[in-house]
Each structure stands twice: as structure tokens, then as C-alpha cells.
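Observations on chain architecture
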Amino acid sequence: MNKTVLFAANRGYALLSSRRTLIERFVSEGWRVVLATTDDLESQKLVELGAELESVAFNRGGFSPLADAKATRDLRNIVKKYSPTLGHFFHAKPVIMGSFAMRAKTGQPPVVVNTITGLGHAFVQGGLVTRLASAGYRKALPKADITIFQNRDDMALFLENGWLANSKARLIAGSGVPLDRFSFVDRSMHDPESPVIVMLGRLLKQKGIPEFVNIASEVRKKVPGARFVLAGEEEPNHPDGVDLDWLKASADIEYMGRLSDVLPLLNEADLLLFPSYYREGVPRVVMEAAATGLPTVAFDVPGVREAVHDKKTGFLVANRDLEQMTERVIELLRDQELRLTFGHNANELAKEAFDIRAVQEAYLNIYRELGVHI
């Protein structure tokens, strides 16, 4: 039996941060593990663990005919070269391109699994971009054996539109968090006069960067000792990218750039502010924050509502309601006892729902259901 598995994602970080243990499991069981993603530091770390890398550049900034055509050719060539028994695809373009590429393979039909990690920019932008993405999913998903969704809203949208059969849909909330690393932090000794409010995310408008800056300015008028710290990857070529000069000119936030390790910042923080209205799967940073006992204030939007329980682990506010969000942030900054209570509840939620080991086992069970022996 050809024991080859292909994992494809937009970039190496997505595979290292959330699927490392899964990849390690396949390697330990004697499988040939092929990664189709960017050649970056994260993917090279997986190569060191025994995976093989085939570099593919998936354009993340909308549709680009030339770049998308090249990525499609590259993925088809990889499938032809390795004839994988199992292909598992993450993110929109790998899902759509990979589903077609795997079904074009001749011989023993391979197993195809997709994971919808959120609908992102395309489904917030609207118009032609949304129509094209919808058409891609509608054509590609029936070719897969199983499509996994990370939140109920995305799954309901796909089923209601008839983009795949109910029998081929599964729900696994989020990608999980290594709870042995993201463990509870006692914040009771933090200085209540100098609270640290953090946000982590790519520098996109839809990720809520302008909202974070706006709220920081308003909150600091009433809580002048508050520190607002932002960390995230720059996206200068993305159509929704934030102007870096404008961001750095803001006097009310501290921008730390992209962090190789977010844990020290989360451990220092007193509150996670997450004003994203991007179509997240389940935002990883909210799960990581919850595991450390950090409460969150966020918009009540798909994906996020899976990770924040309103008035229990933080506050959910109406989408794009900056006034209410600002009020909720001030409320938690002025009430340390409530903040700590929410943090304890968040940690309990993480232990119940975000353990990466349980997520991995759920993936393995789906593979087994489809006849893959692992």
C-alpha cells in the first residue's frame, strides 16, 4: 500500500502551529508526508521532523489569474509525482485547487479531506470576489469525501446553499491549542493601574486593526495607565492591508511586529481585545488567550462566538459597535475581580473544548472512517 499523505495550506505557519502533532503521527507510523505550502521557516521546521516540502505559492490577497494558474499547475504536478493515498487541504485556494487535483488522479481513488478554516476576506468583501469564491466551493467540495468546518455558521451557510451534501460535512471546532504550553497564568498580582490590553492578528482592516487603534485612543482618555499592544504580520500587498506608517504614527498603541512566540505577550496581558469581523474559523489567538486565563472582548461574529462565551469568558458585542466595545473594555479594566473571574472561566472552557489532542483524534477518526489506517 502506498502510504503517502499530502497536506496543503497557504503557508507553513498554519501547518506547524495547528497540525504539527498530526504530521508527527503520520511520520511515526511510517507514512511519507508531503507538504504543499510556502518554503518558510515554519515549513522547514516540519521538514526537520521528517516531512517533505514542495513549495507552492498560494496568493492570499484575492484572485490573481497568473499566480492562481501557477499554483494550480504546481499542485497537480505534486499529486501526479507522489500519488498520495490521502490529501488534506486547508484554506480556500488549497481546498478548491486540491480537490480538483486529487480527483484528476488515475488509479486507486485517493481520500480527499478538506478543512474550511474560515471564509475570510472573500466573504466580507462581497461582490465579484464572493461570487467567485462561492462558485469555486460549489464545484470543488462535492469532489471531496469529507469537508470539515470549524464553526457552525460556516457549516450552515454551505449546507443551506447546497454546496455539499450533509453526509459529507463534519464539525470540529477550531484547530486546538497545546494546553501543556498555553497554561493558566495567575494575574491577580498584576498592577490594576497599568493594565495591558493586547491584540494579535495580521495587519488587515477586516481583522479590526483600525478599530483597535480607535478604541485604544478612547479608552486611554479614561484609563490613562492602560497599555495597548498590537502584534501581527504585515500584509503590504493585500488589498485589505493596513498602512504601516499610519499605524506606527499612532500614539496610543505599541506595535511589536510579528512575534515568533506570542506566549510571553499573552502572559503579560490582562485583556485580549479582538475587534475582528473577518470570517474566522475559530480564531487561534482567542483560544490561546483563553488557555492562559485571559478574558476577551470581541465582536459577536461567526467563529469568534465559538471561542468567547458572553458574560462568562468575556464580552461579545454587536458587530462593528465600537461604542459598546469601548464601554466593555473600560468596564473590565475598572473591575479586576470580574476580569479575573472571566479569565478563570476562559481557562476552564479551553480545557473542555480547545485541547489540540482531542482535535487531532477527531481528525484521525475521520481518516479511519474513510478507510485510512493510521
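Just so it is clear, the structure is predicted and the values come from calculations on it, not from any experiment. (Residues numbered from 1 in each chain as written. Predicted model: local features only at pLDDT ≥ 70, side-chain atom pairs only at ≥ 80, totals over all residues. Heavy atoms only, no water.)

Some thoughts on the overall build of the protein
Short version of the rule: A run of H or I in DSSP becomes a helix once it reaches four residues, and a run of E becomes a strand once it reaches two; helices and strands are each numbered from the N terminus. Atoms considered for the radius of gyration are the C-alpha atoms alone. The globule rule reads 2.2 Å times the number of residues to the power 0.38. For every residue, the accessible area (1.4 Å probe, protein chains only) is compared with the maximum for its type, and the residue is labelled buried under 20%, exposed over 50%, or partly exposed between those bounds. Only heavy atoms enter the contact rule, under which two residues are in contact if any of them lie within 4.5 Å. Computed with a 1.4 Å probe, the accessible areas rest on the Shrake-Rupley method; for each residue, only the protein chains presented here act as cover. His is not counted here, nor are the chain ends, while Lys and Arg score as positive and Asp and Glu score as negative. Here the site of a charge means atom NZ of a Lys, CZ of an Arg, CG of an Asp or CD of a Glu.
Across its full length, the protein holds 15 helices and 13 strands. Rg of the C-alpha trace for the protein: 21 Å, near the compact-globule value of 21 Å for 374 residues, within the 12% margin. The dimensions of the protein, computed from C-alpha atoms along their principal axes, are 65 × 40 × 40 Å. Buried positions account for 56% of the 374 residues belonging to the protein. Considering only intrachain contacts with a sequence separation of at least 6, the fraction spanning at least 24 residues in the protein is 71%. Entry remark: accessible area of the protein is about 15700 Å², with carbon and sulfur atoms responsible for 49%. A distance of 8 Å separates the average location of the 46 positive side-chain charges in the protein from that of its 47 negative side-chain charges.

So, the packing of aromatic side chains
Each aromatic ring pair is described using two quantities: the centre-to-centre distance and the angle formed by the ring planes. To be explicit about the condition: Note on aromatic pairs: the rings of Phe, Tyr and Trp (six-membered ring only in Trp) are paired at centre separations within 6.5 Å, and the planes decide the class, stacked below 30 degrees, edge-to-face beyond 60, tilted for the rest.
The tally for this structure, following the rule as stated, stands at eight aromatic pairs. For the pair F149 and F158, a centre-to-centre distance of 5.1 Å together with 70 degrees between the ring planes defines the contact as edge-to-face. A relative accessible area of 0% means that F158 is categorised as buried. Between the aromatic rings of F158 and W163, the centroid separation amounts to 4.8 Å while the plane-to-plane angle is 80 degrees, which identifies the pairing as edge-to-face.

Some points on the packing of helix 8 (residues 209-222) against helix 13 (residues 322-334)
Under the convention used in this document: Convention adopted: a line fitted to C-alpha atoms gives each axis, helices being fitted over their contacting stretch, and angles between N-to-C directions are expressed from 0 to 180 degrees. Convention used here: angles under 35 degrees read as roughly parallel, angles over 145 as roughly antiparallel, angles from 65 to 115 as roughly perpendicular, and any remaining angle as oblique. Less than a right angle of anticlockwise turn of the near helix away from the far helix marks a crossing as left-handed, whereas a clockwise turn marks it as right-handed.
One can describe the packing of helix 8 onto helix 13 by two numbers: an axis separation of 10 Å at closest approach and a directional angle of 50 degrees. By the angle between their axes, helix 8 is oblique relative to helix 13. Crossing handedness for the pair helix 8 and helix 13: right-handed. Note on element contacts: helix 13 touches helix 8 through L322, M325, T326, V329, I330, L333 and R334, opposite E211, N214, I215, E218, V219 and K222.

Quick word on the pattern of salt bridges
Side chains that differ in charge, positive against negative, can pair when their charged atoms come close. Note the following rule: We define a salt bridge as a side-chain nitrogen of Lys or Arg found within 4 Å of a carboxyl oxygen belonging to Asp or Glu.
Applying the stated criterion across every chain yields a total of 27 salt bridges. Between D153 and R305 there is a salt bridge, with its nearest N and O atoms 3.0 Å apart. Of this pair, D153 sits in helix 7 (residues 152-160) while R305 sits in helix 12 (residues 304-307), placing them 152 residues apart in sequence. Taking relative accessible area as the criterion, R305 reaches 31% and is therefore assigned partly exposed. The shortest N-O distance in the salt bridge between R227 and E268 comes to 2.9 Å. With a gap of 41 residues between them, R227 in strand 9 (residues 227-231) and E268 in helix 10 (residues 263-268) connect regions that are remote in the sequence.

Considerations on the nonpolar core
Here is the rule: For the purposes of this section, nonpolar cores are sets of buried Ala, Val, Leu, Ile, Met, Phe, Trp, Tyr and Cys residues that join through side-chain atoms within 4.5 Å.
V198, L200, F228, L230, L247 and L273 are the most contacted members of the largest nonpolar core, which totals 62 residues. Beyond its immediate stretch of four places on either side in the chain, L273 contacts I197, V198, M199, F212, I215, F228, V297, M325 and V329. Counting residues in hydrophobic clusters, the runner-up holds 32 residues, among them F58, F89, A140 and L164.

Concerning the sheet that holds strand 3 (residues 52-55)
What counts here: By this definition, two strands are paired if DSSP reports at least two bridges between them.
With parallel pairing, seven strands are arranged side by side in an open sheet as 3-2-1-4-5-6-7. The sheet is open, and its two edges are formed by strand 3 and strand 7 (169-171), each paired on a single side. Strand-to-strand twist across the sheet, computed as the mean angle between neighbouring axes with direction ignored, equals 20 degrees. The sheet contact formed by strand 1 (residues 4-8) and strand 4 (residues 86-90) spans four bridges and is parallel. The partner of F7 across the bridge, within strand 4, is H88. In this fold helix 1 (residues 12-28) packs onto strand 1, strand 2 (32-37) and strand 4, with an angle of close to 170 degrees to the strand it touches most, strand 2.

Structural notes on the pairing of strand 1
Most of strand 1 is tucked away, with five of its five residues classed as buried. Of the two faces of strand 1, the one holding T4, L6 and A8 and the one holding V5 and F7 are both buried throughout.

A word on the sheet that holds strand 10 (residues 254-255)
The strand order across the open sheet formed by six strands is 10-9-8-11-12-13, and the pairing between neighbours is parallel. The open sheet has two free edges, formed respectively by strand 10 and strand 13 (314-317), since each of these has just one partner strand. When strand 8 (residues 196-200) meets strand 11 (residues 271-274), the two strands line up parallel, connected through two bridges. Bridge pairing links I197 to L271 in strand 11. Those strands touched by helix 8 are strand 8, strand 9 and strand 11, and its axis lies near 170 degrees from that of strand 9. Contacting strand 8, strand 11 and strand 12 (296-299), helix 11 (residues 284-291) crosses the sheet at an angle of about 165 degrees to strand 11.

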